[in-house]
Amino acid sequence: MNAAPADQIRLLDLQALDTRLGQLAHKRRSLPEHAEIQALEGDLAQHRDLLVAAQTEESDTAREQSKAEQDVDQVRKRAARDQQRLDSGAGMTPKDLENLQHEVASLAKRQGDLEDVVLEIMERREAAQERVTELTARVEAVQAKVDAAVARRDEVLAEIDAEAAKVTKERGLVADSVPADLLKLYDKLREKAGGVGAARLYQRRCEGCRLELNITEVNEVRAAAADAVVRCENCGRILVRTSESGL
């Protein structure tokens, strides 16, 4: 393939732009905020799970407390009725009065036991409520960190994308000035060779693979016509000759 020396040199400009686009893409993927956000979101998910568990426990103990208080109320009402009957004594035999006294005493003990249960449940509910309050604060704090990290990430991404858009536009202008067949070869080699399709020959060294040409290769490049598209024998990339090629 042949191409005017000026067109070949423009490949170096194109390569520089493609290299910059590759760097921007790498920077975009490897922002530290990505890992930070991922870690924070994992922490946030754990805290949310703990919060849900604490809220469930508080809700369960609230129902348990309500049921226990209803039991106390039922025993209290029954004891009050029995006490009224005992106080009136109307139509009751001594045996009935004795049995009623035993029942009132039994209900008093039952009420006391149930009230102890209510107190124990209230303590557990209070602890659950404190846990909910604590975890709610933690979730809000971690969420604030996530939001801040996302904002930082988005700001940097916006800067990267703006530069990438500018470089892409410039790349399009340079690519349009390169002959189609030469551009096709360059793009093909760039895809195969890790993003570098053309490299400068500098002081007999290919700047693509960083290897120095041997004497035979130097003589072949020196003998090649100025418009010949020369390829590196080691990496296959297009070798762009300049006044600093050392030929």
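Refer to the structure printed above.
Parameters and conventions
Residues numbered from 1 in each chain as written. Predicted model: local features only at pLDDT ≥ 70, side-chain atom pairs only at ≥ 80, totals over all residues. Heavy atoms only, no water. Helix = DSSP H or I, 4+ residues; strand = E, 2+ residues; numbered from the N terminus. Buried < 20%, exposed > 50% of the residue type's maximum accessible area, 1.4 Å probe, protein only. Axes fitted to C-alpha atoms, helices over the stretch in contact; angles between N-to-C directions. Parallel < 35°, antiparallel > 145°, perpendicular 65-115°, else oblique. Left-handed = near helix turned anticlockwise from the far one by under 90°. Contact = heavy atoms within 4.5 Å. Core = buried A, V, L, I, M, F, W, Y, C linked by side-chain atoms within 4.5 Å. Pairing = 2+ DSSP bridges.

1. A closer look at unusual backbone geometry
And then number 1: The backbone of Gln203 sits at a positive phi, close to 50°, despite the residue not being glycine.
And then number 2: Mapped onto the elements of the fold, Gln203 is located in the loop between strand 1 (198-202) and strand 2 (205-206).
And then number 3: Phi is positive for Arg210, close to 65°, though the residue is something other than glycine.
And then number 4: When you line up the elements, Arg210 lands in the loop between strand 2 and helix 5 (215-223).
And then number 5: The exposure class of Arg210 is exposed, given its relative accessible area of 54%.

2. A closer look at the packing of helix 1 (residues 5-29) against helix 3 (residues 94-176)
If you want to describe how two helices pack, look at the angle between their axes and the distance between the axes.
And then number 1: Closest axis-to-axis distance for the helix 1/helix 3 pair is 10 Å, and the angle between their directions is 160°. If you check the angle between helix 1 and helix 3, you find them roughly antiparallel. Viewed along their axes, helix 1 and helix 3 form a crossing whose handedness is left-handed. When helix 1 is examined against helix 3, the residues Arg10, Asp13, Leu14, Leu17, Asp18, Arg20, Leu21, Leu24, Lys27 and Arg28 are found in contact with a partner set consisting of Leu157, Ile160, Asp161, Glu163, Ala164, Val167, Thr168, Glu170, Arg171, Val174 and Ala175.

3. Remarks on the side chain of Gln65
And then number 1: Inspection of the secondary structure assignment puts Gln65 in helix 2 (residues 32-88).
And then number 2: Relative accessible area serves as the criterion here: at 10%, Gln65 is assigned to the buried category.
And then number 3: Apart from the residues within four sequence positions on either side, Gln65 is in contact with Ile121, Met122 and Arg125.

4. Here's the deal with the nonpolar core
And then number 1: Grouped together as the largest cluster of nonpolar side chains are 22 residues, with contacts concentrated most on Leu11, Leu14, Leu182, Tyr186 and Ile238.
And then number 2: Sorting the residues of this core by element identifies helix 1, helix 3, helix 4 (180-192) and strand 4 (238-241) as the ones contributing at least two each.
And then number 3: Ignoring sequence-local partners within four residues, the contact set of Leu14 consists of Arg171, Val174, Ala175, Leu183 and Tyr186.
And then number 4: Counting residues in each nonpolar core, the second largest holds eleven residues, with Leu44, Ala54, Val142 and Val146 among its members.

5. Concerning the environment of Ile37
And then number 1: Relative to the helices and strands, Ile37 is located in helix 2.
And then number 2: Considered as a pair, Ile37 and Val146 are 109 residues apart in the sequence and their alpha carbons are 6.0 Å apart.

6. Concerning the sheet that holds strand 4
And then number 1: Read from one edge of the open sheet, four strands run 2-1-4-3, paired in mixed fashion. What marks the edges here is a single partner per strand, and that holds for strand 2 and strand 3 (230-231).
And then number 2: By the bridge criterion, four bridges tie strand 1 to strand 4 in an arrangement that is parallel. Bridging across to strand 4, Ala198 finds its partner in Ile238.

7. Comments concerning the packing of helix 1 against helix 4
And then number 1: In contact at an axis separation of 11 Å, helix 1 and helix 4 are set at 40° when each is read in the N-to-C sense. By the angle between their axes, helix 1 is oblique relative to helix 4. For the pair helix 1 and helix 4, the sense of crossing is right-handed. For the pair formed by helix 1 and helix 4, the contact residues are Asp7, Gln8, Leu11, Leu14, Gln15 and Asp18 on the first element and Leu182, Leu183, Tyr186 and Arg190 on the second.

8. Examining the pairing of strand 1
And then number 1: Where strand 1 lies against strand 2, two bridges are found, and the strand directions are antiparallel. Each residue of the ladder has a partner; that of Tyr202, found in strand 2, is Arg205.
And then number 2: Hairpin connection of strand 1 to strand 2: two residues between the antiparallel strands, including Gln203 at a positive phi of 50°.

Note that every value here comes from positions in space, so none of it alone points to a role or purpose.
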